[in-house]
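For reference, the chains in residue letters:
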Amino acid sequence: MKQLLTCLALCGAIFSTSAQTLWRGAPMNASPAEIQALIAEAQATTPERRSRETGALLEIPSYPIAGESFAVTFLFEAERLQHIHLVARPGSRERTRALAQELSTSLRARYGLPISTKARQDALPGAIDLRWAFRRMTVQLQVPDGETVDLLYSTAIPSRPLTGSGL
């Protein structure tokens, strides 16, 4: 019971958001310096990582959510925050399924019913792909392979104004 209450409290704090923020109150389009000032655990990624994953400027190697360790990556475009990607690999299909269910329940409580659920014929049993839209952001929860839980917070607005379109 204590673990359930702790999980609910953590999820409530983690998934609280406003019209201008993503995960943990990170402002949309914030600079890396602004994110580091707001989220003390955020650290610069290695040059090797930045060369492999465009825009991955900051990370938290391990962040606990619902009893699991998530790797958190802050993805930027033109030095402006666009996505926050959280990934966990719980170690068993049963724990992965349970974690995805906990997160789905929390996301539904916060954002309502998902706007889309994808079902593919080639998907593995237990694969999940849910998406929510909330104000100016989207949240996507995926279990693509039965062993990995992906949670992606994204801005739903362009990082900079569109120019030169001729309109």
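What comes next concerns the included structure. A quick note: this is a predicted structure, and the numbers were derived from the prediction, not measured. (Residues numbered from 1 in each chain as written. Predicted model: local features only at pLDDT ≥ 70, side-chain atom pairs only at ≥ 80, totals over all residues. Heavy atoms only, no water.)

In this model helix H4 (residues 93-111) runs 26 Å from its N-terminal to its C-terminal C-alpha over 19 residues, within 8% of the 27 Å that 1.5 Å per residue would give. In the segment just after H4, Gly-112 is the residue with positive phi, at about 90 degrees. (Helix = DSSP H or I, 4+ residues; strand = E, 2+ residues; numbered from the N terminus. Expected span 1.5 Å × (residues − 1).)

We now examine the nonpolar core. Core analysis: the largest hydrophobic core is formed by 36 residues, its most contacted members being Trp-23, Ile-35, Phe-74, Ile-84, Leu-86 and Tyr-153. When residues of this core are traced back to their parent elements, those giving at least two are strand E2 (56-65), strand E3 (68-77), strand E4 (80-88), H4, strand E6 (128-134), strand E7 (137-143) and strand E8 (149-155). Ranked by the residues each element gives to this core, the list is headed by H4, at five residues. Every residue in contact with Ile-84, bar those within four places of it in the chain, is listed here: Leu-22, Trp-23, Ala-26, Val-72, Thr-73, Phe-74, Leu-151, Leu-152 and Tyr-153. (Core = buried A, V, L, I, M, F, W, Y, C linked by side-chain atoms within 4.5 Å. Buried < 20%, exposed > 50% of the residue type's maximum accessible area, 1.4 Å probe, protein only. Contact = heavy atoms within 4.5 Å.)

This part takes up the packing of aromatic side chains. Aromatic ring pairs: the centre-centre distance and the angle between the two ring planes describe each pair. Here the structure, examined in full by the defined rule, presents three aromatic pairs. Aromatic pair Trp-23 and Phe-74: ring centres 6.3 Å apart, planes at 50 degrees, arrangement tilted. Of this pair, Trp-23 sits in the loop between helix H1 (2-14) and helix H2 (32-38) while Phe-74 is found in strand E3, placing the two residues 51 residues apart along the sequence. For the residue pair Trp-23 and Phe-74, the accessibility class agrees, reading buried in each case. Each residue in the set Trp-23, Tyr-63 and Phe-74 is aromatic and connected to the rest through ring pairs, giving one cluster. The side chain of Arg-24 reaches across the aromatic face of Trp-23, ending 5.5 Å from its centre. (Phe/Tyr/Trp six-rings, centres within 6.5 Å; stacked < 30°, edge-to-face > 60°. Lys NZ or Arg CZ within 6 Å of the ring centre and 35° of its normal.)

This part is about the environment of Thr-117. Assignment of secondary structure puts Thr-117 in strand E5 (residues 116-117). On the basis of relative accessible area, Thr-117 is assigned to the exposed category, the value being 55%. As for Thr-117 and Ile-128, which are separated by eleven residues in sequence, their C-alpha atoms are 7.8 Å apart. In this structure, Thr-117 is in contact with Asp-129 and Leu-130, ignoring residues within four places of it in sequence.

A few words on the pattern of salt bridges. In this structure the tally under the stated criterion is seven salt bridges. As a salt-bridge pair, Glu-34 and Arg-80 come within 3.8 Å of each other at their nearest N and O atoms. Of this pair, Glu-34 sits in helix H2 while Arg-80 sits in strand E4; the two residues are 46 residues apart in sequence, bridging distant segments of the chain. Note on Glu-34: relative accessible area 44%, which makes it partly exposed. For Arg-95, the salt bridge is made with Glu-68, and the minimal N-O distance between the two is 2.7 Å. Placement of Arg-95 in helix H4 and of Glu-68 in strand E3 is noted, with a sequence separation of 27 residues between them. Of the residues examined, Glu-68 reaches a relative accessible area of 15% and is grouped as buried. (Salt bridge = Lys/Arg side-chain N within 4 Å of Asp/Glu carboxyl O.)

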